[in-house]
Amino acid sequence: MNIYFCGSISGGRKLLPAYRLIVNSLKQYGTVLTHHVADPDLTAGGEKNQSNQTIFKRDLEWLYQADCLIAEVTTPSLGVGYEIAVGVVRKIPVHVLFYRNDNRRLSALVSGNPDIMLHEYHHFDELPALIKSVMETRNFAPEIP
Ligand code: 6IA
């Protein structure tokens, strides 16, 4: 299974510890195409030595190869919102994870969309079990058009 993980880069890296736990858990279920999003060396300045055009083209290719999309949405990010919209349009399973303790409100464009499965958590140590439940849910199997 090709898994597309989304997390904020330019939007801020505060939730990096959560991204690392999520990506480590997701690796048990398939190939995480975007594992660099959880790389501690990747700062809000973005990937070194890559043009924006190269990053965009590569990420879009991966989005079209992905069998499912998992996004950590606590830190608002234009890029993550864009990626979620592509996943929804492609009709692949889209799961978003939201950390309740950060005093943020999740955009209604995400929380109100019936095609997006929202999972809230209160502690980072809940994440491995949350990912297990998301990935092992019986009706998770992707229906790719
Ligand atoms: O808007 P954001 O940068 O927060 O968007 C983050 C999301 O878009 C992630 O889920 C990535 O898959 C993707 N993405 C956006 N920018 C990059 C990037 N460099 N490198 C890798 N993935 C990216 C940005 C360089 C720029 C800040 C000069």
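Residues numbered from 1 in each chain as written. Predicted model: local features only at pLDDT ≥ 70, side-chain atom pairs only at ≥ 80, totals over all residues. Heavy atoms only, no water.

Attention now goes to the pattern of salt bridges. Should the charged atoms of two oppositely charged side chains come close, the side chains can pair. A complete count under the given rule lists four salt bridges for this structure. The salt bridge partner of Arg58 is Asp59, with a shortest N-O separation of 3.1 Å. In this structure, Arg58 and Asp59 share a single accessibility class: buried. Its salt-bridge partner being Lys132, residue Glu136 comes within 3.1 Å of it at the nearest N-O pair. Of this pair, Glu136 and Lys132 both sit in helix 5 (residues 127–136), four residues apart, roughly one helical turn. Classification of Glu136 as partly exposed rests on a relative accessible area of 45%. (Salt bridge = Lys/Arg side-chain N within 4 Å of Asp/Glu carboxyl O. Buried < 20%, exposed > 50% of the residue type's maximum accessible area, 1.4 Å probe, protein only. Helix = DSSP H or I, 4+ residues; strand = E, 2+ residues; numbered from the N terminus.)

This next bit is on the pairing of strand 4 (residues 94–99). Of all the six residues making up strand 4, six are buried; the element is thus mostly covered by neighbouring parts of the structure. Every second residue of strand 4 is oriented toward a common face, with Val94, Val96 and Phe98 on one face and His95, Leu97 and Tyr99 on the other, all of them buried. Of the strand pairs in this sheet, strand 3 (residues 68–72) and strand 4 are connected by four bridges, and their pairing is parallel. Among the inter-strand pairings, Ala71 is bridged to a residue of strand 4, identified as Val96. Since strand 3 and strand 4 lie parallel, the crossover through helix 3 (residues 78–90) that links them has a hand, and here it is right-handed. (Pairing = 2+ DSSP bridges. Right-handed = clockwise from strand over helix to strand, strands pointing away.)

This brings us to the packing of helix 2 (residues 52–65) against helix 3. Put simply, helix 2 and helix 3 touch, their axes get as near as 10 Å, and they point 35° apart. The crossing of helix 2 and helix 3 is right-handed. Residues Phe56, Asp59, Leu60, Leu63, Tyr64 and Gln65 of helix 2 form the contact with helix 3, whose participating residues are Tyr82, Glu83, Val86 and Arg90. Its residues assigned to classes, the contact of helix 2 with helix 3 shows six nonpolar, one polar and three charged. (Axes fitted to C-alpha atoms, helices over the stretch in contact; angles between N-to-C directions. Left-handed = near helix turned anticlockwise from the far one by under 90°. Contact = heavy atoms within 4.5 Å. Nonpolar A, V, L, I, M, F, W, Y, C, P; charged D, E, K, R; others polar.)

With that settled, consider the sheet that holds strand 2 (residues 31–32). The strand order across the open sheet built from five strands is 2-1-3-4-5, with neighbouring strands paired in parallel fashion. A strand with exactly one partner marks an edge of an open sheet, and here the two such strands are strand 2 and strand 5 (117–121). Bridge count between strand 1 (residues 2–6) and strand 2: two bridges; the pairing is parallel. Across the sheet, the residue bridging to Ile3 is Val32, located in strand 2.

As a further point, take unusual backbone geometry. Although it is not a glycine, Lys91 adopts a positive phi angle of roughly 65°. Mapped onto the elements, Lys91 comes out in the loop between helix 3 and strand 4.

Before going further, it helps to examine the environment of Ala85. Within the secondary structure layout, Ala85 lies in helix 3. Measuring from C-alpha to C-alpha, the distance between Ala85 and Ser111 comes to 13 Å, with 26 residues separating the pair along the chain.

Before going further, it helps to examine the pairing of strand 1. For strand 1, a buried count of four out of five residues is recorded, marking the element as mostly surrounded by other parts of the structure. Taken together, strand 1, helix 1 (residues 16–26) and strand 2 constitute a β-α-β crossover, and its handedness is right-handed.

On inspection of all chains with the given rule, the structure shows zero disulfides. For the unlinked cysteine Cys6, the closest cysteine sulfur is that of Cys68, found at 10 Å. (Disulfide = S-S within 2.5 Å.)

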